[in-house]
Amino acid sequence: MIPLETAAAANADENEPFGVIDFRFRPIGARSWTPSTTYHYLDRMGLEPCPSFMEQSRELMFAEMDEAGISLGVVGVPGPTRIRGLDPTGSSEIKQIVDEHPDRFVGLGSVEPSDVDAAVTGVGELAALGMRGVTVDPSTAQVSRRFDDRELYPIFEETQRLGLIVATTISCLLGPYQDDCRPEYVDHVATDFGGLTISIQHGGWPFVREALGVAHKQPNVVIVPGQYVHYGFPGSDDYVTALARQLPDQILFGSVYPNCGPLTDLRRIVASWDLPPHIERKYLRDNAARVLGL
């Protein structure tokens, strides 16, 4: 039983204002997709782009973040790739953005895992730069592999040794084939590297329940569903149910800016879920703060 004074303190904390941590944010100057691909996916979701993206204005972007209560963005993009529509920013550019605005952004670097030895060296370099984690997207690399390919294990060993997060994009948008990115591949790596925190970006969609099952089994796995929970994709209710009940500590907010509508709309969408205040705070801030060690 929680002591009454502890419960009272917890209730007080629920009512205190807090800054949102956006775990999937590509600020002006960073990118995952080409601009035309971004507009294409916004159109498919029936969304208008953020004004700051249309004007490519970082000043306006910060104003939009402030209006939505977003205090910190986690900047991470896919690894180097030539796959259709992707044009990811390099780690050095992410580092520059973080250095210019250390109070607003933290960075996840990326490695191209085709050359495993070079990728292992790259992980060490990212740690030395102060990156909080590394994106590993082997399905879109020059040598396409599944995430659980044992050839990649030295990368995970080094990342675990250095205490970095591994982020990987698991959804139908990666590939080239849909079965190249399945949540069970993350389950295999999470089992073999119990001290490694793995973030499933894109929430594993459309394999939603499989991804939630992996997180339910693996305490070192977190899920960032992004647009797949916010915009009514099939299965989006499953993320919300898991957040409210089985996985309150393992699902993280990510706007996926600029692949989203207005940031203030996202706050209204999350509020419409009618989560208990302490669960909403976990989703919007506390879970990300824990994963980042803040």
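Cut-offs and rules
- Residues numbered from 1 in each chain as written.
- Predicted model: local features only at pLDDT ≥ 70, side-chain atom pairs only at ≥ 80, totals over all residues.
- Heavy atoms only, no water.
- 1 Å grid on protein atoms, 1.4 Å probe; cavity = no way out; pocket = protein on both sides within 12 Å on 5 of 7 lines; lining within 4 Å.
- Points joined across faces, edges and corners; volume = space filled by probe spheres on them.
- Nonpolar A, V, L, I, M, F, W, Y, C, P; charged D, E, K, R; others polar.
- Pairing = 2+ DSSP bridges.
- Helix = DSSP H or I, 4+ residues; strand = E, 2+ residues; numbered from the N terminus.
- Axes fitted to C-alpha atoms, helices over the stretch in contact; angles between N-to-C directions.
- Buried < 20%, exposed > 50% of the residue type's maximum accessible area, 1.4 Å probe, protein only.
- Arc of directions from axis to C-beta.
- Contact = heavy atoms within 4.5 Å.
- Parallel < 35°, antiparallel > 145°, perpendicular 65-115°, else oblique.
- Left-handed = near helix turned anticlockwise from the far one by under 90°.

A. Main features of the layout of surface pockets. Taken as a whole, the largest pocket encloses approximately 230 Å³ of empty space. What lines the largest pocket is a set of 13 residues, and nearest its centre among them are Tyr41, Met45, Leu173, Tyr228 and Phe233. Residue classes in the lining of the largest pocket are distributed as nine nonpolar, three polar and one charged. In this structure, the second largest pocket spans a volume of roughly 170 Å³. For the second largest pocket, the lining is made up of 16 residues, of which Ala30, Arg31, Trp33, Phe53 and Gln56 are closest to its centre.

B. A look at the sheet that holds strand β5 (residues 165-169). Overall, parallel pairing links the seven strands, which are arranged β1-β2-β3-β4-β5-β6-β7 in an open sheet. For this open sheet the edge positions go to β1 (20-22) and β7 (221-224), each flanked by a neighbour on one side alone. Mean inter-strand twist for the sheet, computed between neighbouring axes without regard to direction, equals 25°. Looking at chain direction, β1 and strand β2 (residues 70-75) are connected through three bridges and run parallel. Across the sheet, Ile21 pairs through a bridge with Leu72, a residue of β2.

C. Fine view of helix α2 (residues 35-44). Among the residues making up α2, those that are buried are Thr37, Thr38 and Leu42. Down the axis of α2, the buried side of the element spans an arc of 135°, and every buried residue falls inside it. Seen from the open side of α2, the exposed residues pointing more than 90 degrees away from its buried face are Ser36, Asp43 and Arg44. Residues of α2 that are buried make contact with α3 (51-55). With its phi angle positive at about 70°, Gly46 sits one or two positions after the end of α2.

D. Main features of the packing of helix α9 (residues 208-217) against helix α11 (residues 236-244). The geometry of α9 relative to α11 is characterised by a closest axis approach of 9 Å and an angle of 20° between their N-to-C directions. In this view, α9 runs roughly parallel relative to α11, as classed from their interaxial angle. The hand of the α9/α11 crossing is right-handed. Taken together, the residues of α11 that come into contact with α9 (itself represented by Val208, Arg209 and Leu212) are Asp238, Tyr239 and Ala242. Looking at side-chain class alone, the contact of α9 with α11 contains four nonpolar, no polar and two charged residues.

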